[in-house]
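# Topology and contacts: notes
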Amino acid sequence: MSYFEDYEVLCSVGSGSFGTCQKIKRKSDGKILVWKVVRYREMKKDQLKRLLSEVKILMDLSHRNIVQYFHHFVDLEQKKLYIVMEHCEGGDLDTLIERYQIRGMFLSENFILRILLQLASALMHCHRRPDRTVVLHQDLKPANVFLDKNLNVKLGDFGLAEVLPSKEHVCTGRAGTPLYMSPEKINESQYDERSDIWSLGCLLYKLCAFVPPFTDGRGKTLEERINRGTFSRIPVYYSNFLDSIIRDMLQVNPFRRPSAADILHQLTERFIKEEVRSPRQPDHRLPQSVSVQNIRHRKKEAQAPQKKTGAAVNVSVITTNQRGSVYRLFVC
């Protein structure tokens, strides 16, 4: 068992109501990690239950697009829990969005589709567990999606996550961040993993437009806008293909939304065709940017977007087609 003496604290990278997140170095090999230090002395029973649930979920999830859990230990005297996890050098998507917004530049569509592909893969891992349980993330937003040094996605912060015994079970309540909540959550109705897909749509929209699709304003509340499900098209710099995927995820009726597996299948089918036409080598440079000032937002396209083939994107995923052939593709 490891204890906090085995690590050197380098700096603090964040803080919350019950603790901090610190960048650390493992003394045995110099590996850079982070640990989440949680003070549980003042926690209520339900909060402590959620904390223990988060640890259990992190222990069970093992996927290259989910922040890797290493181990945890308890300081009984100080009433602190230490959760040691992977360090994501690239920061989070919220910070990346702010950086590009300040520069007045759009993120490239290739990069956004790559983010979507990897998040869909991570969510499919959560929603389709080997024991038939379903892990709902419940708080999918840019601040909870991290990047490694090669700009690969790492889904993190499972503090509000819920585990359903099977796909036949549902949740109730309003866990999460309002700007990314589905209509069924806003209305405190029953919901399942399709609520995560709505949040994914909101996240993708913000990557494109730098604002969520639903906000207060013009005499309407956030709840009213979410329940209506109407929003402007993403900037016309982006293809109708990407706009259509986001609109599919933001269907008010949850049964009309695609699953994570559906999204992954749709993207890989497209990428396989593009890979045959135009194979590329992996490239992990910062996403190509385009000036916002050079793009005009045409509102006429917002109502009835047409499907068209977008730019080729290389992806990093292993997939099998209907004939059983295995493809390995690379993201760039």
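Residues numbered from 1 in each chain as written. Predicted model: local features only at pLDDT ≥ 70, side-chain atom pairs only at ≥ 80, totals over all residues. Heavy atoms only, no water.

## Side note on the overall build of the protein
Heads up, the rule is: Numbering of helices and strands runs from the N terminus; a helix is a DSSP stretch of H or I covering at least four residues, while a strand is a stretch of E covering at least two. Only protein chains enter the accessibility calculation, which uses a 1.4 Å probe. A residue is then buried if its area is under 20% of the maximum for its type, exposed if over 50%, and partly exposed in between. When checking whether two residues touch, look at their non-hydrogen atoms; a contact exists if any pair is within 4.5 Å. In this description, accessible areas are obtained by the Shrake-Rupley approach with a 1.4 Å probe, and a residue is regarded as covered only by the protein chains that are shown.
Helices and strands together make up the secondary structure of the protein, namely eight helices and 13 strands. The buried share of the protein, reckoned over its 332 residues, is 51%. Once local pairs closer than 6 in sequence are excluded, the contacts in the protein between residues at least 24 apart make up 65%. With an accessible surface of roughly 17200 Å², the protein has 48% of that area assigned to carbon and sulfur atoms.

## Quick look at the packing of aromatic side chains
Using the following cut-off: By convention, a stacked pair of Phe, Tyr or Trp rings (six-membered ring in the case of Trp) has centres within 6.5 Å and planes under 30 degrees apart, an edge-to-face pair has planes over 60 apart, and any other such pair is tilted. Both a distance and an angle decide whether a charge sits over a ring: NZ of Lys or CZ of Arg must be within 6 Å of the ring centre and within 35 degrees of the ring normal.
Counted according to the given criterion, the structure contains eleven aromatic pairs. Ring geometry for Phe-73 versus Tyr-82: centroids 5.1 Å apart, planes at 10°, classification stacked. For Phe-73, a relative accessible area of 1% puts it in the buried group. Judged by centre distance (5.3 Å) and plane angle (10°), the ring pair of Trp-198 and Phe-214 falls under stacked. Here the residue Trp-198 occupies a position in helix α5 (residues 194-209), and Phe-214 occupies one in the loop between α5 and α6 (222-228), the gap between them amounting to 16 residues. For the pair shown, Trp-198 and Phe-214 are each scored as buried. Ring pairs connect the aromatic residues Tyr-7, Trp-35, Phe-73 and Tyr-82, which therefore count as one cluster. The cationic tip of Arg-103 hangs over the ring face of Tyr-100; the distance from NZ or CZ to the ring centre is 4.9 Å.

## A closer look at the side chain of Glu-109
Under the convention used in this document: Here a polar contact is recorded for every N or O atom pair within 3.5 Å, except that within protein the pair must consist of a potential hydrogen donor and a potential acceptor, and residues adjacent in sequence are included only if both atoms are side-chain atoms.
Take Glu-109: it is sitting in helix α3 (residues 109-127). Judged by relative accessible area, which is 8%, Glu-109 ranks as buried. In this structure the side chain of Glu-109 is engaged in a polar contact, spanning 2.5 Å, whose partner is the side chain of Ser-239. Excluding residues within four positions of it along the chain, Glu-109 makes contact with Tyr-237, Tyr-238, Ser-239 and Leu-242.

## Section: the pairing of strand β2 (residues 19-26)
Note the cut-off: Two strands form a pair only when DSSP identifies at least two bridges running between them.
Of the pairings in the sheet, the one linking strand β1 (residues 7-15) to β2 comprises seven bridges and is antiparallel in character. From the neighbouring strand, Gly-14 faces β2, where its bridge partner is Cys-21. By the bridge criterion, seven bridges tie β2 to strand β3 (residues 32-39) in an arrangement that is antiparallel. Within the sheet, the bridge partner assigned to Lys-23 lies in β3 and is Val-34. What sits between β2 and β3 in their antiparallel hairpin is a turn of five residues, with Gly-30 showing a positive phi close to 80°.

## Focus on unusual backbone geometry
Phi is positive for Glu-188, close to 55°, though the residue is something other than glycine. As for its placement among the helices and strands, Glu-188 is situated in the loop between α4 (183-186) and α5. Here Phe-210, not a glycine, exhibits a phi torsion of approximately 70°, which is positive. Looking at the element boundaries, Phe-210 is found in the loop between α5 and α6.

## Observations concerning the sheet that holds β1
We count it as follows: Where helices are involved, their axes are fitted lines through C-alpha atoms of the stretch in contact, as for all axes, and angles between N-to-C directions lie from 0 to 180°.
Across the sheet, which stays open at both edges, the five strands sit in the order β1-β2-β3-β5-β4 with antiparallel pairing between neighbours. The open sheet has two free edges, formed respectively by β1 and β4 (69-75), since each of these has just one partner strand. Shown here is a sheet whose adjacent strand axes are inclined to one another by a mean of 25°, direction ignored. Here β3 pairs with strand β5 (residues 80-86) via seven bridges, running antiparallel. For Arg-39, the partnering residue across the bridge sits in β5 and is Lys-80.

## Topic: the packing of helix α2 (residues 93-103) against α5
How we decide: Our angle categories are set so that under 35 degrees counts as roughly parallel, over 145 as roughly antiparallel, 65 to 115 as roughly perpendicular, and the remainder as oblique. The classification used treats Ala, Val, Leu, Ile, Met, Phe, Trp, Tyr, Cys and Pro as nonpolar, Asp, Glu, Lys and Arg as charged, and all other residues, Gly among them, as polar.
Two numbers describe how α2 lies on α5: the axes approach to 9 Å, and their chain directions differ by 25°. One way to sum up the angle between α2 and α5 is to call them roughly parallel. Together, Leu-93, Asp-94 and Ile-97 of α2 and Leu-203, Lys-206 and Leu-207 of α5 make up the contact between the two elements. A class-by-class count of the residues in the contact of α2 with α5 yields four nonpolar, no polar and two charged.

## Examining the packing of α3 against helix α7 (residues 240-249)
Condition: A crossing counts as left-handed when the near helix is turned anticlockwise from the far one by less than a right angle, and as right-handed when that turn is clockwise.
Running from N to C, α3 and α7 cross one another at 30°; their axes reach a closest spacing of 11 Å. Considered as vectors, α3 and α7 are oriented roughly parallel to each other. Read as a crossing pair, α3 and α7 show a hand that is left-handed. Here α3 contributes Glu-109, Ile-112, Leu-113 and Leu-116 to the contact with α7, which in turn contributes Phe-241, Leu-242, Ile-245 and Met-249.

## Side note on the confidence of the model for the protein
The test is simple: The quantity called pLDDT is the predictor's confidence in a given residue, expressed from 0 to 100.
Averaged over every residue, the pLDDT of the protein is 84; the share at 70 or more is 81%. Taking the mean pLDDT of every element in the protein, the minimum, 38, falls on strand β13 (residues 326-331) and the maximum, 98, on α5. Of the regions scoring below 50 in pLDDT, residues 278-284 engages in 17 contacts with residues more than four places distant in sequence or in other chains. Segment residues 296-332 is flagged for pLDDT under 50; beyond a separation of four residues in sequence, or across chains, it makes 87 contacts in the model.

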